[in-house]
Amino acid sequence: MRRIAVINQKGGVGKTTTTVNLGAALARRGRRVCLVDLDPQAHATTHLGVEPDGQKPSIYHVLLGQCYIQQVRRQVAEGLWLVPADLDLAAAEVELAGVVGREVILREALQKDEETFDYLLMDCGPSLGVLTLNALAAADEVLIPLQPHFLALHGLSKLLETTALVARRIHPGLRVSGIVICLFDSSTRLAQEVVADLHTFLERSRGQGLPWSCARIFASKIRRNIKLAECPSHGQTIFSYAPKSPGAADYAALAEEIDGAGATSFPVGMSATEVE
Ligand code: ADP
Ligand code: MG
């Protein structure tokens, strides 16, 4: 099972859109995919047509030790399951403050899970708090959606430092596997420049043994596409809402890159260039 945390402490960069539609794209490739919504805003949950009304147990109850993950998970499409969030999750940050080992609760809950999946995708909120730390501790890979604007690299350094810290303190196997450019507008020079800077930045870290020294920038960029912005309010993924849209094509291409025959699945600790 590949456990992937979708992270960026900035809001509105495409984390939820990527978690949901990449998950759906992988499921359409015949994979068993479990999505975990770790954002108190519960956007991934609503995006998949599940109402976060506080009536049914959610990831909040799992983190507080009141439920097993399998009691909370529900199937939302063929090959696709969701561990929903609800608005109570905002309180978890405070309620877990005094709990010893609070960063590894999700990891332990997943270890007790009897079901197996090909992919576990965790959607995180726009902070680097205890919920995101739980995702980082439970994941083996970090996937960073990035919107190419002029402060993007600035925020990225902070995020990478946090990943390095988590890797050092609680999870040595953690690696940043890739960066996916979202809300891409190929016609602007700025977008092209940010992508070029990003390549230079990653190139410089190659071979330094940092958690991101094997990260790559996915060739499949997610273009700005209005259909992607519309589908959450219909409680549908892009593949059921607008299967012929550029958004569906982009997420299918990303899934192919991550999961297809040509996907680089390099051993932890080995850089992509060593594999090539
Ligand atoms: P995050 O989870 O990082 O906060 P979202 O995935 O919710 O970001 O995206 C922020 C907003 O941008 C949402 O309204 C979403 O529907 C929209 N959006 C995301 N990706 C695209 C895209 N490629 N084209 C158009 N709108 C998008
Ligand atoms: Mg989100």
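Structure first, text after, so check above.
Residues numbered from 1 in each chain as written. Chains lettered and ligands numbered in written order. Predicted model: local features only at pLDDT ≥ 70, side-chain atom pairs only at ≥ 80, totals over all residues. Heavy atoms only, no water.

Novice: How would you explain the site of ligand 1 if you had to name every residue and give the values?
Specialist: Looking at ligand 1, there are 14 residues lining it, with Gly12, Thr16, Thr17, Arg223 and Asn225 nearest. One of the side-chain nitrogen or oxygen atoms of Lys15 is found 2.9 Å away from an oxygen atom of ligand 1. Here ligand 1 has 550 Å² of accessible area as a free molecule, and 79% of this is covered by the chains. Spatially, ligand 1 is embedded in the largest pocket. Of all the secondary structure elements, the ones that give two or more residues to the shell around ligand 1 are helix 1 (15–28) and helix 10 (226–230). With 3 residues, helix 1 is the largest single contributor of residues to the shell around ligand 1. Along the lines of polarity and charge, the residues of the shell around ligand 1 split into 5 nonpolar, 6 polar and 3 charged. (Near = heavy atom within 4 Å. Polar contact = N/O pair within 3.5 Å; in protein donor to acceptor, adjacent residues only side chain to side chain. Areas by Shrake-Rupley, 256 points an atom, 1.4 Å probe, with all protein chains shown as cover. 1 Å grid on protein atoms, 1.4 Å probe; cavity = no way out; pocket = protein on both sides within 12 Å on 5 of 7 lines; lining within 4 Å. Sits in = over half its atoms within 2 Å of the grid points. Helix = DSSP H or I, 4+ residues; strand = E, 2+ residues; numbered from the N terminus. Nonpolar A, V, L, I, M, F, W, Y, C, P; charged D, E, K, R; others polar.)

Novice: Tell me about the sheet that holds strand 3 (residues 74–77), and please be specific about residues and values.
Specialist: The strands that make up a sheet pair up through hydrogen bonds in the backbone, lying either parallel or antiparallel. Taken together, 8 strands build an open sheet; the order of strands is 3-4-2-5-1-6-7-8 and the sheet is mixed. The open sheet has two free edges, formed respectively by strand 3 and strand 8 (216–217), since each of these has just one partner strand. As paired elements, strand 2 (residues 33–38) and strand 5 (residues 119–124) share 6 bridges and run parallel to each other. Bridging from a neighbouring strand, Leu38 pairs with Cys124 of strand 5. (Pairing = 2+ DSSP bridges.)

Novice: Which residues make up the layout of surface pockets, and what are the values?
Specialist: Reported here for the largest pocket is a volume of approximately 480 Å³. Forming the boundary of the largest pocket are 24 residues, of which Gly12, Val13, Gly14, Lys15 and Thr17 lie nearest the centre. Contributions of two or more residues to the lining of the largest pocket are made by helix 1, helix 2 (43–47) and helix 10. Looking at the lining of the largest pocket residue by residue, the classes come out as 11 nonpolar, 9 polar and 4 charged. (Points joined across faces, edges and corners; volume = space filled by probe spheres on them.)

Novice: Outline the packing of helix 1 against helix 12 (residues 246–259), listing residues and values.
Specialist: Relative orientation and spacing of two packed helices are given, respectively, by the angle between their axes and the distance between those axes. Taken N-terminus to C-terminus, the directions of helix 1 and helix 12 make an angle of 70°; their axes are 9 Å apart at the nearest point. Here helix 12 runs roughly perpendicular to helix 1, going by the angle between their axes. Note that helix 1 runs across helix 12; the crossing there is right-handed. Mapping the contact onto sequence places Thr17, Thr18, Asn21, Leu22, Ala25 and Leu26 in helix 1 and Tyr251, Ala252, Leu254, Ala255, Ile258 and Asp259 in helix 12. Residue classes in the contact of helix 1 with helix 12 are distributed as 8 nonpolar, 3 polar and 1 charged. (Axes fitted to C-alpha atoms, helices over the stretch in contact; angles between N-to-C directions. Parallel < 35°, antiparallel > 145°, perpendicular 65-115°, else oblique. Left-handed = near helix turned anticlockwise from the far one by under 90°. Contact = heavy atoms within 4.5 Å.)

Novice: Quick one: what's the story with empty space enclosed by the protein, residue by residue and with numbers?
Specialist: By the definition in use, this model includes 2 cavities of 30 Å³ or more. Approximately 60 Å³ is the volume found for the largest cavity. It is helix 8 (residues 152–169) that contributes the most residues to the lining of the largest cavity, 3 residues altogether. Here the lining of the largest cavity is built from residues that sort into 4 nonpolar, 5 polar and 1 charged. Computed from the structure, the second largest cavity encloses a volume of approximately 30 Å³. Every residue along the wall of the second largest cavity is listed here: Arg2, Ile4, Glu141, Leu143, Ser177, Phe218 and Ile258. Of all the elements in the fold, those that place two or more residues in the lining of the second largest cavity are strand 1 (2–6) and strand 6 (141–146). Residues belonging to the lining of the second largest cavity are distributed by class as follows: 4 nonpolar, 1 polar and 2 charged.

Novice: Kindly report on the pairing of strand 5, identifying the contributing residues and their values.
Specialist: A large share of strand 5 lies buried, amounting to 6 of its 6 residues. Burial along strand 5 is two-sided: the face carrying Tyr119, Leu121 and Asp123 and the face carrying Leu120, Met122 and Cys124 are both buried. Taken together, the 5 bridges between strand 1 and strand 5 define a ladder with parallel strand orientation. Across the sheet, residue Val6 finds its bridge partner in strand 5, namely Asp123. (Buried < 20%, exposed > 50% of the residue type's maximum accessible area, 1.4 Å probe, protein only.)

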